[in-house]
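# Structural overview for review
Here are the chains, one letter per residue:
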Amino acid sequence: MSAPVFVVESAVLADGRIVVEGAEGRHAATVKRLREGEEVVLTDGAGLVVRGVVAGVGRERLEVEAVERRVEPEPTPRITVVQALPKGERGELAVEVMTEAGVDVIVPWAASRSITQWRPERREKSLARWRNAAREAAKQSRRARFPEVADLETTARVAARLAAAPLALVLHEEAAEPLSRVPLGAPEIVLVVGPEGGISPEELTAFTASGARPVLLGPTVLRTSTAGVAAAAVLLSRTGRW
């Protein structure tokens, strides 16, 4: 069985004996019920990983003796997925599976045809749910580098992001070029996933004007909450990250 993973700040991980407190310490001591001598993995979510052994357990804290430290390099190419807001809880599902697959940046996008829209008064709470889903999925999948979940973006801001990307792609059911055959090699790939109602003609025009290439994922139409991870899997495999 794999050792459990806990998130700790970088400064704390520099110590020889590391104290895990707060929510992570409480979870380790009271939920996981870890005992002295058990192995754990600590990370700052930014590449630093410490493998250690539990040296002491308090009511809501854990003391860990560091055994090994390593820094995981940043992956290449960097993969960003612009995800149109799905309905209901499918947004968190999309974030979870893309995190588990290895996506580096997830950008929520308020597409014109998204059924769900984040009202201003609930935007921060919705964004916090996405970020928490990414954090928990990163821990579960034992990632050393957690994905960035960006702020909610408009179509104009997404177009600007695409214009700055070395390689920009848009999933579209009417595209002629398959994603599996797009020439790769760029240091960063930005991929747009549309909403349940599809990307509007105006949005597609804005994105292609910014240099994005429409691509076809496959012969079937996937839900917006699963299209991102399916496309990311193709890219991760083709670029050698998998």
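Details of the structure are given in the entry above.
So, a few notes on the structure that sits alongside this text. (Residues numbered from 1 in each chain as written. Predicted model: local features only at pLDDT ≥ 70, side-chain atom pairs only at ≥ 80, totals over all residues. Heavy atoms only, no water.)

### With respect to the pairing of strand β6 (residues 78–84)
Counting buried positions over the 7 residues of β6 gives 6, a clear majority of the element. Looking at chain direction, β6 and strand β10 (residues 188–193) are connected through 6 bridges and run parallel. Across the sheet, V82 pairs through a bridge with V192, a residue of β10. Pairing analysis gives 5 bridges linking β6 to strand β7 (residues 105–109), with the strands arranged parallel. For V81, the partnering residue across the bridge sits in β7 and is I106. (Buried < 20%, exposed > 50% of the residue type's maximum accessible area, 1.4 Å probe, protein only. Helix = DSSP H or I, 4+ residues; strand = E, 2+ residues; numbered from the N terminus. Pairing = 2+ DSSP bridges.)

### Focus: the sheet that holds strand β3 (residues 39–43)
Overall, mixed pairing links the 5 strands, which are arranged β1-β3-β4-β5-β2 in an open sheet. The sheet terminates laterally at β1 (5–7) and β2 (17–20), the two strands that pair on one side only. Pairwise comparison of adjacent strand axes, ignoring direction, gives a mean angle of 40° for this sheet. Strand direction decides the pairing type here: β3 and strand β4 (residues 48–57), joined by 5 bridges, are antiparallel. Of the residues in β4, the one forming a bridge with L42 is V50. Contacts between helix α2 (residues 22–31) and the sheet are confined to β1, β2, β4 and β5 (62–71), with β1 contributing the most and set at about 155° to the helix. (Axes fitted to C-alpha atoms, helices over the stretch in contact; angles between N-to-C directions. Contact = heavy atoms within 4.5 Å.)

### Quick look at the pattern of salt bridges
Close approach of charged atoms allows side chains with opposite charge to pair. In total, this model carries 18 salt bridges according to the counting rule given. Connected via shared salt-bridge partners are R17, E21, R61, E63 and E65. (Salt bridge = Lys/Arg side-chain N within 4 Å of Asp/Glu carboxyl O.)

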